[in-house]
Amino acid sequence: MSEAIVSLEEAREDAYSMPLEDLNPAQAELFEADAIWPYFERLRKEAPVHYCTTSEEFGPYWSLSKYEDIKAVDMNHEVFSSEGAITVDDPDADFELPMFIAMDPPKHDAQRKVVAPVVGPANLAALEPIIRKRVCDILDSLPIGETFNWVDKVSIELTTQMLATLFDFPWEDRAKLTRWSDVATANEESGLIESEEQRQQELLECLAYFTELWNERINKEPGNDLISMLAHGESTRNMDPMEYLGNLVLLIVGGNDTTRNSLSGGLLALNQFPDQMSKLREDPSIIPNMVSEIIRWQTPLAHMRRTALEDYVVNGQQIKQGDKVVMWYISGNRDEDKFENADDFMIDRPNARQHIAFGFGLHRCMGNRVAEMQLRIAWEEILNRFSKLELVGDPVRVRSSFVKGYLELPVVLA
Amino acid sequence: MAKITFITHDGEKHSVDADNGISVMNAAIDNLVPGIDADCGGECSCATCHVVVEDKWMAVVGPPGDREESMLDLNPEREANSRLSCQIPVTDDIDGIVVNVPEFQM
Ligand code: HEM
Ligand code: FES
């Protein structure tokens, strides 16, 4: 990496020398530099429910860093609302598609119920052979013995193709899915778009495109893909168009970065913990548990945010009505009171499934089984093909305190 | 103390003895009954301990509570006798109970 903003040692020094009340974990640079860990370590020890008043970017917010506190707040949707905003950053409110991830009951429940069957395990089983075939094709096309970027050639490509498969999306246009997903969450600082108008323009194109697909599928025999299921499903076929589109975008966004960065995270973890790679080769039946451990260790969404609807005490701290409350999943998943040697990647960790990366409660990730299936197939087929997966340079990480992921992982295969 | 029989989706029966005070979910996990994930560890917030209670035992265990109902309600595969097994305490009253474990937890 070029000049790192902080090394881990500097970060440790900094985290422990500053006054506790100045601590501000919602800093994209710290995530980009992989230097966030000591800040959360100190918070977990000294201020598990911490109020930050020093963020110019986001204003005052509470940080929850312990597993049990996060879970308790996540479960308590009566007090801690998802309505309108689910990250520490407040959205620009003028062009928001209705998505149930940012709604409270009863609206949330009604909408989620409509879409949930399409990612139900029975439907997924039907899609598994197609997904496996596509995974194999991608892996078979990778260069052997030369350096390439795993993020582009494997993580992004696999995730895009799997999304395209789930939607039976026109194959030649599949790059659009990745683009729309990136655009949906982009802002002007991200460099992806020039202006808010451009973002809205592109999303409207997305809406038009999906409407066409809907119209085409509704006139055909019911198929296995998500759009066809929505178009023919008894409870979904009369869905309001905006609702349909909001929900599709949620599926695209929800299923994209998260799975992508888990695919990258797994490769990094197995390189940082080579003994685990040997263990995996000896016993590939550990793969399903390893998938949970990869998701715990990576935690592709570092946090979710709630807004307090009333005054409420969490672990001794008085939270006030209207306060922003950030649940740092990334920290909860490294909580030693829940996970022994929590920073270590252990593919046979007995309680890996209990990770908090999917959230808990009413908003618990709806695509969790899709994500697990994708990762399981990918690792089964990777192991079948390559005797070596060697990371040959430093990872380049995403500059964000929400999406915890990678831009570059230089790799050589054998 | 109660004897609990879990029937997995392939028809296989797993009978276990459980002490009062734990939950039916705990009884399954402690005895390695397949098909129950229990990701949240028994706090009614993941719905991956879903079971379908045999008809005649429904009156004994009763309907789900409010929080449990809202979690179950999100599962497209729920049935009339669905319960989250972490919310069924083991007591002498349920001795002999039979529950079905679905093929998939969501
Ligand atoms: C490793 C991969 C994934 C991770 C770590 C992840 C993480 C999360 C988290 C933390 C939430 C909770 C939001 C909250 O509590 O406010 C969530 C919700 C959601 N996720 Fe995922 N996700 C993943 C993959 C997917 C996939 C593949 C899909 C779609 C196919 C998906 C669709 C959704 C949807 C629709 C919601 C909203 C649920 C609701 O509000 O009721 N996710 N996800
Ligand atoms: S174990 Fe999570 S709801 Fe029962």
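Overview of the structure. All of these numbers come straight from a predicted model, not from anything done at the bench. (Residues numbered from 1 in each chain as written. Chains lettered and ligands numbered in written order. Predicted model: local features only at pLDDT ≥ 70, side-chain atom pairs only at ≥ 80, totals over all residues. Heavy atoms only, no water.)

Attention now moves to the overall build of chain B. When you go through chain B residue by residue, the secondary structure sums to three helices and five strands. In chain B, the order of α-helices and β-strands from amino to carboxyl end is β-β-α-β-α-α-β-β. Taking the principal axes of its C-alpha atoms as reference, chain B extends roughly 30 × 25 × 25 Å. Looking at the 106 residues of chain B, the share that counts as buried comes to 52%. Across chain B, the fraction of contacts at a sequence separation of at least 24, relative to all contacts at a separation of at least 6, is 63%. Within the structure as shown, chain B displays about 4700 Å² of accessible surface, and the carbon and sulfur contribution to it stands at 47%. Taking the average place of the 6 positive charges on the side chains of chain B and the average place of its 20 negative ones, the gap between the two points comes to 5 Å. (Helix = DSSP H or I, 4+ residues; strand = E, 2+ residues; numbered from the N terminus. Buried < 20%, exposed > 50% of the residue type's maximum accessible area, 1.4 Å probe, protein only. Contact = heavy atoms within 4.5 Å. Areas by Shrake-Rupley, 256 points an atom, 1.4 Å probe, with all protein chains shown as cover. Lys, Arg positive; Asp, Glu negative; His and termini not counted. Charge placed at Lys NZ, Arg CZ, Asp CG, Glu CD.)

Our focus in this paragraph is empty space enclosed by the protein. Tallied over the entire structure, the rule returns two cavities of 30 Å³ or more. Estimated volume of the largest cavity: approximately 190 Å³. Lining the largest cavity are 17 residues, with A:Arg112, B:Cys46, B:Ala47, B:Leu74 and B:Met106 positioned closest to its centre. In the lining of the largest cavity, the residues fall into 11 nonpolar, three polar and three charged. By volume, the second largest cavity is sized at about 70 Å³. Lining the second largest cavity we find 13 residues, and of these A:Phe31, A:Asp34, A:Arg397, A:Lys404 and A:Gly405 sit closest to its centre. Each residue belonging to the lining of the second largest cavity can be placed in one class, and the counts come to seven nonpolar, three polar and three charged. (1 Å grid on protein atoms, 1.4 Å probe; cavity = no way out; pocket = protein on both sides within 12 Å on 5 of 7 lines; lining within 4 Å. Points joined across faces, edges and corners; volume = space filled by probe spheres on them. Nonpolar A, V, L, I, M, F, W, Y, C, P; charged D, E, K, R; others polar.)

This next bit is on the sheet that holds strand S1 (residues 49–52) of chain A. Backbone-to-backbone hydrogen bonds pair the strands of a sheet. The strands run either parallel or antiparallel. Residues and elements named next belong to chain A. If you trace the five strands from one edge of the open sheet to the other, you get S1-S2-S8-S5-S3, paired in mixed fashion. The sheet terminates laterally at S1 and strand S3 (80–81), the two strands that pair on one side only. Here helix H4 (residues 67–75) sits on the sheet in contact with S1, strand S2 (61–64), S3, strand S5 (304–308) and strand S8 (324–327), set at roughly 125° to S8. (Pairing = 2+ DSSP bridges. Axes fitted to C-alpha atoms, helices over the stretch in contact; angles between N-to-C directions.)

Residues and elements named next belong to chain A. With respect to the element layout, Arg44 can be found in helix H3 (residues 37–46). As a buried residue without a salt bridge, Arg44 has its nearest oppositely charged side chain in Asp335, at a separation of 4.9 Å. In this structure, Arg44 is in contact with Ser65, Lys66, Ser331, Arg334 and Asp335, ignoring residues within four places of it in sequence. (Salt bridge = Lys/Arg side-chain N within 4 Å of Asp/Glu carboxyl O.)

Here we take up the coordination of the iron atom of ligand 1. There is one protein donor for the iron atom of ligand 1, namely A:Cys365 (SG), at 2.3 Å. Looking at where A:Cys365 falls in the secondary structure, it is placed in the loop between helix H14 (329–332) and helix H15 (368–385). (Donors = N, O, S within 2.8 Å, 3.2 Å for Na, K, Ca; no water.)

Residue and element names in this part refer to chain B. Ordered in space as S2-S1-S5-S3-S4, the five strands form an open sheet in which the pairing is mixed. The open sheet has two free edges, formed respectively by strand S2 (13–18) and strand S4 (82–84), since each of these has just one partner strand. Along the sheet, successive strands turn relative to each other by an average axial angle of 35°, direction set aside. Taken together, the three bridges between strand S3 (residues 50–53) and S4 define a ladder with antiparallel strand orientation. Note on S4: the bridge partner recorded for His50 is Leu84.

To continue, consider the environment of A:Val88. Structurally, A:Val88 can be placed in the loop between S3 and helix H5 (107–115). Taking the C-alpha atoms as reference points, A:Val88 and A:Lys324, separated by 236 residues in sequence, lie 7.4 Å from one another.

Right, let's get into the pairing of S3(B). The two faces of the sheet receive side chains in turn, since in a regular strand these alternate between them. Residues and elements named next belong to chain B. Covered by surrounding structure in S3 are His50 and Val52 together with Val51 and Val53, the residues of both alternating faces. The sheet contact formed by S3 and strand S5 (residues 97–100) spans two bridges and is antiparallel. Within S5, the position partnered with Val52 by the bridge is Asn100.

Looking now at the packing of aromatic side chains. All names here are of chain A. In this structure the tally under the stated criterion is 15 aromatic pairs over all chains. With centroids separated by 5.8 Å and ring planes inclined at 85°, the aromatic side chains of Tyr67 and Phe339 adopt a geometry described as edge-to-face. In this pair, Tyr67 is assigned in helix H4 and Phe339 in the loop between H14 and H15, connecting sequence segments 272 residues apart. With respect to class, Tyr67 is no different from Phe339; both count as buried. When the centroid spacing of 6.3 Å and the interplanar angle of 45° are considered together, the rings of Phe273 and Phe345 count as tilted. Of this pair, Phe273 sits in the loop between helix H11 (241–272) and helix H12 (274–282) while Phe345 sits in the loop between H14 and H15, placing them 72 residues apart in sequence. Judged on exposure class, the residue Phe273 and its partner Phe345 are both buried. (Phe/Tyr/Trp six-rings, centres within 6.5 Å; stacked < 30°, edge-to-face > 60°.)

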